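As a plain string of letters, each chain reads:
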Amino acid sequence: MGKTSRWTSDELRRVFLEFFRERGHPVLPPSPLAPQGDPTLLFTSAGMVQFKPYYVAVGPIPHRRAATVQPCLRGSDLENVGVTSRHHTFFEMLGNFSFGDYFKEEAIAWAWEFSTEVIGLSRDRLWISVFEEDDETARIWERGVGVDPARIVRLGAKDNFWGPAGGSGPCGPCSELYVDLGPERGCGLPTCAVGCDCDRYLEYWNLVFPQFNQDPDGNRTDLPNRGVDTGMGLERLAQILQEVPSNYDTDLFTPILEEVRSFARGVDPAEGEALTASRIVADHARALVFAFHEGIQPGNEGRGYVLRRILRRAVLRARVLGVEEPFLDRIGSRVTEVMSGAYPELLDTRERVAATIRAEEERFRRTLEQGLEIFQKTVAGLRGGKGAVLPGEEIFRLYDTYGFPAELTEEMARAEGIEPDRAGFEKAMEEARGRSRWEGGGGERGEAEDLPDLESTFVGYERREAETRVAAILRDGVRLDGLGEGEEGTIVLDESPFYGESGGQVGDQGRLEPGGGGDSLFTVRDTRRSRDDKALLAGRAERPLRAGEPVRAVVDAERRAAIARNHTATHLLHGALREVLGDHVRQSGSLVAPDRLRFDFVHYERTGDRELARIEALVNRKVQEDLSVRIETVSFAEARRRGATALFGEKYGETVRLVEVEGYSRELCGGIHVGRTGQIGPFLIVSEEAVGSGVRRIEALTGAGAYRRIREDRDLLERAAGVVRSTPEELPERVEALQERVRRLEKELLEARKSGAGDRTADLLAGATPVGDLRVIAAIVPEADPSVLKDIVDRFQEKGTSLVAVLGTRTGDKAFVVGMVSRDVAGKRLSAGDLIREVSARIGGRGGGKPTFAQGGGGEPDHLEEALAAVPEMVRRAAQGG
Ligand code: SER
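Residues numbered from 1 in each chain as written. Predicted model: local features only at pLDDT ≥ 70, side-chain atom pairs only at ≥ 80, totals over all residues. Heavy atoms only, no water.

A.B. asks: Just to check I follow, could you spell out the sheet that holds strand β33 (residues 803-811) for this structure?
C.D. replies: Backbone-to-backbone hydrogen bonds pair the strands of a sheet. The strands run either parallel or antiparallel. Sheet architecture is open: six strands sit in the order β31-β32-β33-β34-β36-β35, paired in mixed fashion. Lying at the two open borders of the sheet, with one neighbouring strand each, are β31 (769-771) and β35 (845-849). Between one strand axis and the next, the sheet turns through 15° on average, direction left out of account. As judged from the six bridges shared by strand β32 (residues 774-780) and β33, these two strands associate in the parallel manner. Pairing of Ala779 across the sheet is with Leu807, part of β33. (Pairing = 2+ DSSP bridges. Helix = DSSP H or I, 4+ residues; strand = E, 2+ residues; numbered from the N terminus. Axes fitted to C-alpha atoms, helices over the stretch in contact; angles between N-to-C directions.)

A.B. asks: How should I be thinking about the sheet that holds strand β27 (residues 655-661) in this particular structure?
C.D. replies: Pairing is antiparallel across the open sheet formed by three strands, whose spatial order is β26-β27-β28. For this open sheet the edge positions go to β26 (629-635) and β28 (665-668), each flanked by a neighbour on one side alone. For this sheet, the mean angle separating the axes of adjacent strands, direction not counted, is 25°. Where β27 meets β28, four bridges bridge the pair, whose relative direction is antiparallel. Residue pairing in the sheet places Leu658 in a bridge with Leu668 of β28.

A.B. asks: Help me understand the site of the ligand, please; the structure alone is not making it clear to me.
C.D. replies: As a structural note, the neighbourhood of the ligand is formed by Ala46, Met48, Arg74, Met93, Trp162, Asn206, Val208, Asp229, Thr230 and Gly231. In the model, an oxygen atom of the ligand is placed 3.1 Å from a nitrogen or oxygen of the Asn206 side chain. In this structure, Thr230 approaches the ligand through a main-chain N or O atom, which is 3.3 Å from an oxygen atom. Protein chains bury 94% of the 230 Å² of accessible surface belonging to the ligand in isolation. Of all the secondary-structure elements, those providing two or more residues to the shell around the ligand are β7 (201-208) and β10 (227-233). No other element matches β10, which puts three residues into the shell around the ligand. Looking at the shell around the ligand residue by residue, the class counts come to five nonpolar, three polar and two charged. (Near = heavy atom within 4 Å. Polar contact = N/O pair within 3.5 Å; in protein donor to acceptor, adjacent residues only side chain to side chain. Areas by Shrake-Rupley, 256 points an atom, 1.4 Å probe, with all protein chains shown as cover. Nonpolar A, V, L, I, M, F, W, Y, C, P; charged D, E, K, R; others polar.)

A.B. asks: What is the right way to read a negative patch on the surface from this model?
C.D. replies: Together, Glu718, Glu729, Glu730, Glu733 and Glu736 give the surface a local cluster of negative charge. Along the chain, Glu729 turns up in the loop between α18 (703-723) and α19 (731-766). (Patch = residues over 30% accessible without salt bridge, like charges linked within 9 Å, V, L, I, M, F, W, Y side chains within 5 Å. Salt bridge = Lys/Arg side-chain N within 4 Å of Asp/Glu carboxyl O. Lys, Arg positive; Asp, Glu negative; His and termini not counted. Charge placed at Lys NZ, Arg CZ, Asp CG, Glu CD.)

A.B. asks: Looking at this structure, I do not really get the pairing of strand β24 (residues 586-592). What am I missing?
C.D. replies: Residues in a regular strand project their side chains so that they alternate between the two faces of the sheet. Bridging between β24 and strand β25 (residues 597-602) involves six bridges; their strand directions are antiparallel. Residue pairing across strands places Val592 opposite Leu597, the latter belonging to β25. Between β24 and β25, which pair antiparallel one after the other, the connecting turn spans four residues.

A.B. asks: Which parts of the structure should I look at to understand the packing of helix α1 (residues 9-22) against helix α6 (residues 234-241)?
C.D. replies: Between α1 and α6, the least distance of the axes is 10 Å, while the angle of their chain directions is 115°. In terms of orientation, α1 and α6 fall into the roughly perpendicular class. The chirality of how α1 crosses α6 is right-handed. Facing α1, whose interface residues are Ser9, Leu12 and Arg13, α6 presents Leu234, Leu237, Ala238 and Leu241. Of the residues that constitute the contact of α1 with α6, the class distribution is five nonpolar, one polar and one charged. (Parallel < 35°, antiparallel > 145°, perpendicular 65-115°, else oblique. Left-handed = near helix turned anticlockwise from the far one by under 90°. Contact = heavy atoms within 4.5 Å.)

A.B. asks: For this particular structure, what's the right way to read helix α7 (residues 254-261)?
C.D. replies: In an α-helix, one turn spans 3.6 residues, which is why side chains three or four residues apart end up on the same side. Where α7 is concerned, the buried positions are Pro255, Ile256, Leu257, Glu259 and Val260. The elements touched by buried residues of α7 are α8 (272-293) and α10 (328-339). (Buried < 20%, exposed > 50% of the residue type's maximum accessible area, 1.4 Å probe, protein only.)

A.B. asks: Help me understand the environment of Glu184 in this model?
C.D. replies: By the secondary structure assignment, Glu184 is in the loop between β6 (169-180) and β7. A residue is classified by how much of its surface remains accessible, and Glu184, at 65% relative accessible area, is exposed. Taking the C-alpha atoms as reference points, Glu184 and Thr336, 152 residues apart in sequence, are found 35 Å from one another.

A.B. asks: Explain unusual backbone geometry to me, please; I cannot follow it from the model alone.
C.D. replies: In terms of backbone geometry, most residues other than glycine have negative phi values and most peptide bonds are trans. Each neighbour pair has its own omega, and for Gly163 with Pro164 the value is -5°, a cis peptide bond. Assignment of secondary structure puts Pro164 in the loop between β5 (161-162) and β6. With phi around 50°, Glu243 is a residue other than glycine that occupies positive phi space. Examined against the element boundaries, Glu243 turns out to sit in the loop between α6 and α7. Since its relative accessible area comes to 58%, Glu243 is described here as exposed. A positive phi angle, close to 50°, is found at Asp626, a residue other than glycine. When you line up the elements, Asp626 lands in the loop between α16 (609-624) and β26.

A.B. asks: What exactly am I supposed to notice about the nonpolar core here?
C.D. replies: Side chains of nonpolar character tend, in soluble globular proteins, to be buried together. Counting residues in each nonpolar core, the largest one holds 113 residues, and the members touching the most others are Trp141, Tyr204, Trp205, Leu307, Leu328, Ile331 and Phe404. In terms of residue count, α8 provides more of this core than any other element does, eleven residues in total. Setting aside its immediate chain neighbours within four residues, Tyr204 contacts Ser115, Leu121, Leu126, Leu177, Tyr178, Val179, Gly231, Met232, Gly233, Leu237 and Ile240. Residues Phe601, Val619, Tyr664 and Phe683 belong to the second largest nonpolar core, which totals 31 residues. (Core = buried A, V, L, I, M, F, W, Y, C linked by side-chain atoms within 4.5 Å.)

A.B. asks: Got a minute to help me understand the pattern of salt bridges in this structure?
C.D. replies: Between side chains of opposite charge, pairing is possible as soon as their charged atoms come close. With the rule as written, the count across this model stands at 67 salt bridges. When the shortest N-O distance is used, the salt bridge between Arg23 and Glu113 registers 2.9 Å. Of the two residues, Arg23 is situated in the loop between α1 and α2 (52-56) and Glu113 in helix α3 (residues 104-118); the sequence distance between them amounts to 90 residues. With relative accessibility at 25%, the residue Glu113 sits in the partly exposed group. Its salt-bridge partner being Arg350, residue Glu337 comes within 2.5 Å of it at the nearest N-O pair. Highlighted residues: Glu337 in helix α10 and Arg350 in helix α11 (residues 350-382), separated in sequence by 13 residues. Residue class for Glu337 comes out partly exposed when judged on its relative accessible area of 36%.

A.B. asks: Sorry if this is basic, but what is going on with α8 here?
C.D. replies: Between the first and last C-alpha of α8 there are 32 Å, a value that for 22 residues agrees with the 32 Å anticipated at 1.5 Å per step. For α8, the tally of buried residues reaches 19 of 22 residues, placing the bulk of the element in the interior. Once α8 finishes, Gly295 follows within two positions and takes phi at roughly 100°, a positive value. (Expected span 1.5 Å × (residues − 1).)

Here's what the structure looks like:
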C-alpha cells in the first residue's frame, strides 16, 4: 500500500531494506567508497562491487542473498552533473542480490511488488525495458507479473546489457523499470520513448542478471553463481515520490542547496548558470564528505586525484555565484548533518573532513586567480581563429603551476568554443616526468618521479650490505655532483640493499661507508621509492660525498629484523582475522614499522574482547609452531590458482612474489619477512578501534617490543598490588574486598548521619520558639545534605504536635530548605507549602509542597539566615489569619 504523505529519503532506505529482509535477504553494511581488494576499480560504483567475488566463487560463500544501501561514486558522469536533473558523482544505490540463489522470476516479481504496492506507484505510469535477445525476461514480465506487452520495450546491449564493473568480472542482461513523468517533462520529439535521453521516462531501477564472467580481454564464460544484482537510485526514487522536478529538489539536497545559496552574492542562485553551479557544488560536496570521511586524501594520483578534480571543479563553478572565499567546508558540514540520520558515523569525522576540504580549497585558491588570468589571456588570444586549439603546454602549465586539473581546463576551453590539445598535454607531462623532479626527503610519496636514466637494482631480499656506487645525488629536483658535510640530500645507488617504503612496510635506515668500510659518510634516515621503483635514500652527509663514489651500503640490521617480524606477523594476523571473524575480512591498509604493526580491515562491527583474545592466541600458536616462510616468484595466474590474497592498491606485474607461511597463509607481497615464524616471538594486540565506516584497526607488537610491553604491564600490576598490600595473583579479590569495605563504610556513615540526625532532632526541639500555642523551629543545620534535613522533619512529624519547622542548609552556592507543619495544625491557616514558598523567595529561588511538608531552594545562600529568622513572624501572621 502506498501512503498519502510524501516519503522521506530516510523512510525509503528503511522500507527497501525491510522489504527484502522479510524476503530472506540479510541486510549487509555497504562497502567503503574505496573498494577493497579490487584493483580494477577506483571507486565503488555500484552495490554489486563488494559482491563480485561471490558471483565467481566456486567454493562456499558467506551469503546467497543480500540487501544493501550502497554509497557510490562515479567520475564518469562528471560533465553531466548539475546540467541534468538526475546525474551525480555521489549517489546511493538500493540493491538486492542473489549469488547462485534466486533468479529472474523472483527478482522481477519483487521489484514489481515493491514498486506498485509498497511505494504505491501506479501501474499505468510504469514501463519496462528488456535486453532485445532476452525473451525469458520479457515473458516473465508479461505472464508472471501481467504487464501490458505494449509497455515492454526491447533495447540493445548499450542500454540493457550491464557490466562488467571495472572491465572484468560478472556481467549479464538487464531489465529496467521506468516511470513516465508525463509529457510536460519530455522533449516533445515524436521519437520520444523509453530510453530517450530527456526527462520524461525516468529509469529508476535496474535489474541485472549476472550470468557471465568476462575476463580483461572480453572473453565470457558462465558464472559459477549466476544471480541477481539490482540497483535503484535513491535520489531518483525520492524525486518521483516527493513529486519534485529534479533530484536536487528532494530532501536529500534542499538543505544543502540552501546553504550553498546563502553564500551567493549578486546573482539569483535559482536561475540559469547560477542554478547549475549551486547544484554542482551541492553534488560535489556530498562526494567529498563521504570520501574524506573514509580517509581518502586529495592527491595527484588515482582516487586522490579524482577528488581533487571534484573539489576544484566545485570551486571554479562557484565563481558564478560570486563566492570568492573558502566555503566548501561549510557546505560539507551541512552535508554531514543532512546525511547523519542514515550515516551517523559521519558525525565522528566531521571536523577532520571539514579541515581536509578547507586545506585543499585554500591550496587551490592561492593560485586560482593567477591561473584564471592566464587562461583567459590565452583564450582571448586564440578566439576568433577558426578551429582554435588550446596548446597542450598551456594545459600543462595550468596543471603544473596553478593546480588546474587538465580535465577542468579542457572543459573550460570547450565552453569557450576552443578545442584543447589533449595529446600535447600528455606529451608535456611525460617530458616533465623525465626531468626527474623529486623533492629529496620531504615531498609526498606520489610526487617522486621516474628516473629513467638511472639503473638501480634492489638486492635487499638477499643482503643487508652491499659494496656499490653512488649512482646519483638529488636535492630539490636537481642532480648534484656532491654533498658537503652536514648537507641533506637523496641518494640513488647502483645496488641498494635498502628497502624503499612500500606496501605498508616503512623504509630502511642505515648508513653509507666508504668502499671497503670505514666511518659513516652518509646517514640514511629514510628510504622511499621513485615512481619507477628505485630506492631513494634520504638523509645527511657526515662527510663530503661525491656522485660516482664507491660506497659500502649498510642497513640497520636490528631495525630491519624488527620490521621483518612485524611484517610476517601482519600476515598471520590477517589469516587469524579471517579464521575468527570470517572470510569477508579484507585488508584495507597496513603499517609495518620496527616498533609496531597496524592492520586496517573491513569489518562492520567492533571485534569483541573474546574474539580478540582468540585472534591473539591463534597468531601466537602459529608462531610457536615455528612454520617456515617460503617466498617464491610465480606468475600472477599461478598465484591466483593457489588462492593467494591479492591486495588492492598494489600493482601486480606478470610475475608476482608469493609469500607463504607454511600451511597457513598465502599473500602476494613485496615485503621483507622472517625465515620462520618462531623468530617473531610474542605477539600482543594492544588496541582495536574504528577508523572509518566499516573499517577497523588493530595495533600489535611483536618480539622485543611485545616483551617490553608485557614487562611494563607486569611492573604496573606489581605496583598496584603493592599499593593495596597484595600480590598480583590476589589483586582482583583484594580490590573486590576493598570495594566491599568501601560500600559497607558508606552505609555505616549514612546510618551514623541519620542517628546524628536523631540527636539533632532533640537539640532542635529544645531550641523551639513559642509562637502563641505553637512551637516554631527555624534553624540552619550545618553540613547536612537534603536527605538528612528531610529525615529530621519526618521525625518532627512523628513526634510533635502544634509544631512548625523550617530547616535550611547550604551546599556551595546554593541553599536548600525543608519545612513541616504538624498534622494537627496543618491546613488550618498554616501550610508548609506557603511557608517554604516565602522562605525560598527570600533566598532567590522557588519552592512549595503540601500543607504538612514542603521543600525549596535558591541561589542566594547568604540570605538564608535572614530568611529563617523571619519564620516565627511569618507563622504569627499566618496563625492570626493575617
Ligand atoms: N550493477 C547495476 C547498476 O549499477 C545494478 O545494481 O546499475
